[in-house]
Amino acid sequence: MPEILEAEQARALVAAAALDREIASVHAPDAWFCKRGATPTGVRRALTGRTLTEARRRGKLLLVDTSADGPVLGLHLGMSGRILVDGDGAGDPLLYASNRDEPAWRRFGLRFADGGTLYLRDPRRLGAVELDPDEDRLGPDALTLTRARLAAVVTPSAAPVKAVLMDQSRIAGLGNLLTDEALWRAGIDPARPARTLGPDDVAGLHRAIRSTLRTLGRRGGSHTGDHMPGRVPGAVCPRDGAPMLRRTVGGRTTYSCPVHQH
DNA sequence: GATGACCTGTGA
DNA sequence: TCACAGGTCATC
């Protein structure tokens, strides 16, 4: 569930509440959760005594700079992760993930010298902590996606347009729900080969992505879309009342309207 | 580019 | 008891 909107909320929370506080200790109980070469010991050594200086984001990946030429702390929310600072959270309240404060779900955390804390709580354990992440493994951020860039990504690909939009190396930040919402808004069939989209389709899709991110961002998250009521078996299209089509496209469960999406 | 595995809470 | 949710990575 955490897609770009939830990651942005988490980034804003870290920026507002967790910067410039000395890290007294690091809670890294789960070696499996440390990815791409990071280890609990390594992370502990790298962060203890430093402060967080800036919170950035690329797609769904949180990037936190640290003081004194320290490493960049990379945090990924996976599918059920949430950031909590001093016990207060930001991001996806609970759609698939429980909101209980189960200590075992604190996969990673910082205790500050002032007594406060930052935690990454992730019941399903699919998030990640890494050091100095390779930011270029991700494409340009979806929140600043230009129409030209979208066209450059969509035009050459024979894959379903949904698969292209969700490919993080092409565009970073769009997940299953936001992609379905944007295609539903644009009236484009998720399974349509990307290269069959003409300039008008691309322009419309670009507008739909922007309106999706702006509107759902204001409402509070990826699960607040107009398309959501149609994401239930047996549901009808919220726009025109036609029975929704449920398929797997690009490896993910996909709901679309067979009447207005072509 | 498509598929399955990873992991685990939830709900039927 | 089991299908399903879903981001990402390894493998085909």
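Residues numbered from 1 in each chain as written. Chains lettered and ligands numbered in written order. Predicted model: local features only at pLDDT ≥ 70, side-chain atom pairs only at ≥ 80, totals over all residues. Heavy atoms only, no water.

### Notes on the domain arrangement of chain A
Okay, so step 1: Per the domain assignment, the segments of chain A are domain 1 (4–136) and domain 2 (139–256).
Okay, so step 2: In this assembly, domain 1 packs against domain 2 so that about 1,100 Å² is buried in total across both faces, 60% of it on carbon and sulfur atoms.
Okay, so step 3: Looking only at domain 1, the three residues that lose the most surface to domain 2 are I4, L5 and K60, adding up to 46% of its buried area.
Okay, so step 4: Across the contact surface, domain 1 and domain 2 share one salt bridge.
Okay, so step 5: Here R57 and D141 are joined by a salt bridge, their closest N and O atoms 2.6 Å apart.
Okay, so step 6: Along the contact surface separating domain 1 from domain 2 lie six residue pairs in polar contact (both at pLDDT 80 or more).
Okay, so step 7: Sorting the residues of the side of domain 1 that touches domain 2 by element identifies α1 (4–17) and β2 (52–58) as the ones contributing at least two each.
Okay, so step 8: Residue contributions to the side of domain 1 that touches domain 2 peak at four residues, all from α1.
Okay, so step 9: Tallied by class, residues from the side of domain 1 that touches domain 2 come to four nonpolar, two polar and five charged. (Domains from an automatic or database assignment. Buried area = accessible area lost by both parts, 1.4 Å probe. Salt bridge = Lys/Arg side-chain N within 4 Å of Asp/Glu carboxyl O. Polar contact = N/O pair within 3.5 Å; in protein donor to acceptor, adjacent residues only side chain to side chain. Helix = DSSP H or I, 4+ residues; strand = E, 2+ residues; numbered from the N terminus. Nonpolar A, V, L, I, M, F, W, Y, C, P; charged D, E, K, R; others polar.)

### Remarks on the packing of helix α3 (residues 147–154) against helix α6 (residues 199–219)
Okay, so step 1: At a minimum axis distance of 10 Å, the contact between α3 and α6 shows a crossing angle of 120°. The angle between α3 and α6 falls in the class oblique. Considering how the two elements wind past one another, α3 and α6 form a crossing that is right-handed. Here R147, L150, A151 and V154 of α3 lie close against α6, whose contacting residues are V202, A203, L205, H206 and I209.
Okay, so step 2: In terms of residue class, the contact of α3 with α6 is built from seven nonpolar, one polar and one charged. (Axes fitted to C-alpha atoms, helices over the stretch in contact; angles between N-to-C directions. Parallel < 35°, antiparallel > 145°, perpendicular 65-115°, else oblique. Left-handed = near helix turned anticlockwise from the far one by under 90°. Contact = heavy atoms within 4.5 Å.)

### Quick notes on the sheet that holds β2
Okay, so step 1: One open sheet holds the four strands; their spatial order is β2-β3-β4-β9, and the pairing between them is antiparallel. Each edge of the open sheet carries a strand with a single partner, namely β2 and β9 (128–131). Along the sheet, successive strands turn relative to each other by an average axial angle of 20°, direction set aside.
Okay, so step 2: Where strand β3 (residues 61–66) and strand β4 (residues 73–76) come together, four bridges link them in antiparallel fashion. Among the inter-strand pairings, L62 is bridged to a residue of β4, identified as L75.
Okay, so step 3: Contacts from α1 reach β2 and β3 within the one sheet, and its direction differs from that of β2 by about 170°. (Pairing = 2+ DSSP bridges.)

### Description of the protein's contact with DNA strand C
Okay, so step 1: Around DNA strand C there are 16 residues in total, and R36, H76, M79, L126 and R252 lie nearest to it.
Okay, so step 2: At the protein interface, 63% of the atoms of DNA strand C within 4 Å belong to sugar or phosphate.
Okay, so step 3: One nitrogen or oxygen atom from the side chain of N176 is found 3.4 Å from a phosphate oxygen belonging to DNA strand C.
Okay, so step 4: For the surface near DNA strand C, the secondary structure elements donating two or more residues are α5 (176–186) and β11 (252–256). (Near = heavy atom within 4 Å.)

### Structural notes on the pattern of salt bridges
Okay, so step 1: Under the criterion given, the structure shown has 21 salt bridges.
Okay, so step 2: The shortest N-O distance in the salt bridge between D101 and R106 comes to 3.0 Å.
Okay, so step 3: By relative accessible area, D101 is classed as partly exposed at 47%.
Okay, so step 4: Classification of R106 by relative accessible area gives partly exposed; the value is 24%.
Okay, so step 5: Among the salt bridges present, the one from R137 reaches E130, with a minimum N-O distance of 2.8 Å.
Okay, so step 6: One salt-bridge network, held together by shared partners, links E8, R11, R57 and D141. (Buried < 20%, exposed > 50% of the residue type's maximum accessible area, 1.4 Å probe, protein only.)

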